[in-house]
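# Descriptive structure summary
This is what each chain is made of:
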Amino acid sequence: MDIAKTEKGIISQLPNGFISRTKRATTGKAEIGPFPDAKIKTLLQNSNFASTEGWAPSGGESSFSVSGHTGNLILSGANTSLSQFITLRAGHTYYAAAQLNGIAEKTHIYITNLSDDANLGVGTLNSSGNYALVSCIAQIWAGDISGRIQFGSWQLDSTEYPSNLKIANACLIDLSDCGLLGLTKDEIDSIVYYTPNWDRTN
């Protein structure tokens, strides 16, 4: 049984293929909720970077390539990003994440409303030199919207480009459809990225 510890308790991969979350309550009793992993699937196309299909680089003379199921984005200017476009449904909550290796504090993941270019969810890379999980959550309040999932580096100094941003294991999950509403972002990180048999290869 694979176990991932979180601040809220323990998330376990059970032999029957279910996830259970054990949450320590003030009463000393445990709350356990099973989540069938078969219902969890990324909404992104080509999220495992088997090819460049589905991904759009932008900014300056940016270029994008893949190798070994890792995306490599050349940061060619102050603002360079890699995007995928998707319809986000009204009343639903979304979780977006990837493992990123880039420039700390200037590398982000965004869930964006294209109609007004407003960022609905933001995650920031906090360290350079190694891959780190970066994630964010966004709730869509009124009406379906045309959205964008965006990985990139912004407001770079001229000494910081050209350089590389590497992206692996990207995902976008509709939390409203898969029964994970009510969990913290850290708990969802632990479920999605430390449970090996979940489908992240759409």
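A brief look at the structure comes next.

Calculation rules
Residues numbered from 1 in each chain as written. Predicted model: local features only at pLDDT ≥ 70, side-chain atom pairs only at ≥ 80, totals over all residues. Heavy atoms only, no water. Helix = DSSP H or I, 4+ residues; strand = E, 2+ residues; numbered from the N terminus. Buried < 20%, exposed > 50% of the residue type's maximum accessible area, 1.4 Å probe, protein only. Contact = heavy atoms within 4.5 Å. Areas by Shrake-Rupley, 256 points an atom, 1.4 Å probe, with all protein chains shown as cover. Pairing = 2+ DSSP bridges. Axes fitted to C-alpha atoms, helices over the stretch in contact; angles between N-to-C directions. Salt bridge = Lys/Arg side-chain N within 4 Å of Asp/Glu carboxyl O. Polar contact = N/O pair within 3.5 Å; in protein donor to acceptor, adjacent residues only side chain to side chain.

## A few points about the overall build of the protein chain
A tally of regular secondary structure across the protein chain gives 2 helices and 14 strands. For the protein chain, the residues scored as buried account for 47% of the 202 residues in total. If you take every contact in the protein chain between residues at least 6 apart in sequence, the share linking residues at least 24 apart comes to 65%. Summing over all exposed atoms, the protein chain offers an accessible surface of approximately 9,800 Å²; the carbon and sulfur share of this is 48%.

## What about the sheet that holds strand β5 (residues 56–58)?
What the 5 strands build is an open sheet, ordered β5-β8-β13-β10-β11; its pairing is antiparallel. The sheet is open, and its two borders are formed by β5 and β11 (118–124), each paired with just one other strand. This sheet shows a mean twist of 25 degrees between the axes of neighbouring strands, independent of strand direction. Where strand β10 (residues 107–113) lies against β11, 6 bridges are found, and the strand directions are antiparallel. Opposite T112, over in β11, you have N119 as the bridge partner.

## What about the sheet that holds strand β6 (residues 63–67)?
As summarised here, the arrangement of the 5 strands in space is β6-β7-β14-β9-β12, forming an open sheet in which the pairing is antiparallel. Every other strand in the sheet has two partners, leaving β6 and β12 (132–139) as the edge strands with one partner each. Averaged over all adjacent pairs, the angle separating strand axes in this sheet is 30 degrees, with direction ignored. Strands β9 (93–101), β12 and β14 (163–174) of the sheet are contacted by helix α2 (residues 185–193), whose axis makes an angle of about 65 degrees with β9.

## Quick look at the pattern of salt bridges
What the rule picks out here adds up to 6 salt bridges. The salt bridge partner of D174 is R89, with a shortest N-O separation of 3.7 Å. Residue D174 is located in strand β14, and its partner R89 is located in the loop between β8 (80–88) and β9; the two are separated by 85 residues in the primary sequence. Residue classification places R89 among the partly exposed residues on the basis of a relative accessible area of 37%.

## So, unusual backbone geometry
For the peptide bond that leads from Y161 to P162, omega is 5 degrees, which places it in the cis range. Its identity as a non-glycine residue notwithstanding, F49 has a phi of 55 degrees, on the positive side. Tracing the sequence through the fold places F49 in the loop between β4 (30–36) and β5. The phi dihedral of Q155 is positive, around 55 degrees, even though this residue is not glycine.

## Details of the environment of I109
Locating I109 in the fold gives a position in strand β10. The exposure class of I109 is buried, given its relative accessible area of 0%. For the pair I109 and Q150, spaced 41 residues apart in sequence, the C-alpha to C-alpha distance is 5.6 Å. Ignoring any residue separated from it by four or fewer positions in sequence, one finds I109 in contact with A96, A97, G121, V122, G123, V134, S135, C136, Q150 and F151.

## As for the environment of S81
Within the element layout of this structure, S81 appears in strand β8. Relative accessible area serves as the criterion here: at 3%, S81 is assigned to the buried category. Separated by 27 residues in sequence, S81 and H108 place their C-alpha atoms 9.2 Å apart. When near neighbours in sequence (up to four residues on either side) are disregarded, S81 contacts A56, P57, S58, L73, Q150, F151, G152 and W154. At 2.9 Å, the side chain of S81 and the side chain of S58 are in polar contact. There is a polar contact of 2.9 Å between the side chain of S81 and the side chain of Q150.

## Regarding the side chain of T112
Mapped onto the secondary structure, T112 falls in strand β10. Judged by its relative accessible area of 0%, T112 falls in the buried class. In terms of polar contacts, T112 uses its side chain to reach the side chain of N119, at 2.9 Å. Here T112 is in contact with D117, A118, N119, L120, S146, G147, R148 and Q150, once residues within four sequence places are set aside.

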